[in-house]
Amino acid sequence: METLSTDKSFGGVQGVYRHRSSVTGCDMTFAVYLPPQAEDRPVPVLWYLSGLTCTHANVMEKGEYRRAAAELGIAVICPDTSPRGPDVPDEDDWQFGSGAGFYVDATEAPYDANYRMYSYVLEDLPALVADQFPLRMDRQGIFGHSMGGHGALVMALRNTERFRSCSAFAPIVNPMTAEMAANGFSRYLGADEAAWRAYDAVALVEDGHAFPEILIDQGDADVFLDDGLRPWLLADVCKGGLTDLHLRMQPGYGHAYYFVSTFMEDHLRWHAARLCDDG
């Protein structure tokens with residue numbers, strides 16, 4: 001692991017790092033914020049997954065999470081959204097390729113060699129950070145924005161033994177039928193839509209997966225609301241089931257980090273109540 005930068009913030013340390021991933025077959029950059037409590041003891045872990053066109057840096061620079069994370073004693077880890085590099089296949093399309101990995105393990109050539117972001121976030125990067133930082137890997141939560149919200153929901157629903165908490169900002173809840181995701185799914189996963197269901201929150205709940213509680217914030221002025229996000233689809237399939245979904249429609253808010261940063265502290269406190277409840 002190579003350290004690219006470290007900066008003190010709210011008594012903790014915001015670091016940016018790079019490592020060679022055997023899962024994605026390329027160098028990957030990620031960010032870790034360690035709160036001041038990490039100087040004395042391992043701390044709970046909160047994974048943040050970013051959205052389309054983003055890198056680790058978007059939330060790090062615009063998300064305003066460090067003050068609350070320092071107060072609550074939670075580490076925040078921000079992976080990249082896709083593999084990158086001259087040998088990684090890419091397309092001139094903001095909804096596919098670089099910056100648009102959709103947190104799936106691709107099965108279609110040539111993307112299957114590198115676009116394995118599900119395994120990268122779930123297995124490869126956790127193994128690295130567990131070895132390098134003072135973290136409570138028995139206390140992990142996950143959240144994200146837009147495409148990253150989709151990724152967070154899918155990972156939580158499929159890995160209830162790993163994650164104790166889950167939330168999302170404006171997630172793509174049903175990417176199989178979303179204009180901004182279906183094309184990418186077909187190119188990463190092939191034409192058989194049965195294979196897509198493993199990476200679709202609505203389909204996973206329909207197929208019997210559940211997570212105890214999920215918080216979703218969604219702006220009602222979001223330009224992607226009707227064609228891409230549609231959180232009511234997830235609310236409908238969760239009704240009367242094993243997943244207690246807290247969907248909050250926020251009047252006047254759009255899709256950008258002005259929205260995310262406004263409700264970031266709410267989400268950190270949501271996770272802290274489930275990650276730090278018994279010390």
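Everything below is about the structure printed above this text.
It should be emphasised that the depicted structure is a prediction, and the values quoted were computed from it without experimental measurement.

1. Examining the packing of aromatic side chains
Moving on, step 1. Applying the stated rule across the entire model yields 18 aromatic pairs.
Moving on, step 2. Their ring planes at 70 degrees and their centres at 5.1 Å tell us that Y253 and F263 sit as a pair that is edge-to-face. Pair noted here: Y253 is in the loop between β9 (244–250) and α9 (257–275) and F263 is in helix α9, with a separation of ten residues, a long-range link.
Moving on, step 3. Taking relative accessible area as the criterion, F263 reaches 8% and is therefore assigned buried.
Moving on, step 4. Following the ring pairs from residue to residue traces out a cluster consisting of Y48, F143, F169, Y253, F259 and F263.

2. With respect to the pattern of salt bridges
Moving on, step 1. Evaluated as defined, the whole model comprises 16 salt bridges.
Moving on, step 2. A salt bridge links E213 to R274; the nearest nitrogen and oxygen atoms lie 3.2 Å apart. Remark: R274 occurs in helix α9 and E213 occurs in strand β8 (residues 213–219); sequence separation between them is 61 residues.
Moving on, step 3. Residue class for E213 comes out partly exposed when judged on its relative accessible area of 28%.
Moving on, step 4. On the basis of relative accessible area, R274 is assigned to the buried category, the value being 19%.
Moving on, step 5. When the shortest N-O distance is used, the salt bridge between D217 and R248 registers 2.8 Å.

3. As for the side chain of S21
Moving on, step 1. With respect to the element layout, S21 can be found in strand β2 (residues 12–21).
Moving on, step 2. S21 gets classed as buried once you look at its relative accessible area, which sits at 1%.
Moving on, step 3. Residue contacts for S21: discarding those within four places in its chain leaves C26, M28, Y120 and D124.

4. Concerning the side chain of D124
Moving on, step 1. Mapped onto the secondary structure, D124 falls in helix α3 (residues 117–132).
Moving on, step 2. It turns out D124 is buried and unbridged, and the closest side chain with the opposite charge, R116, is 8.0 Å from it.
Moving on, step 3. At 2.5 Å, the side chain of D124 and the side chain of S21 are in polar contact.

Quick notes on the rules
- Residues numbered from 1 in each chain as written.
- Predicted model: local features only at pLDDT ≥ 70, side-chain atom pairs only at ≥ 80, totals over all residues.
- Heavy atoms only, no water.
- Phe/Tyr/Trp six-rings, centres within 6.5 Å; stacked < 30°, edge-to-face > 60°.
- Helix = DSSP H or I, 4+ residues; strand = E, 2+ residues; numbered from the N terminus.
- Buried < 20%, exposed > 50% of the residue type's maximum accessible area, 1.4 Å probe, protein only.
- Salt bridge = Lys/Arg side-chain N within 4 Å of Asp/Glu carboxyl O.
- Contact = heavy atoms within 4.5 Å.
- Lys, Arg positive; Asp, Glu negative; His and termini not counted.
- Polar contact = N/O pair within 3.5 Å; in protein donor to acceptor, adjacent residues only side chain to side chain.

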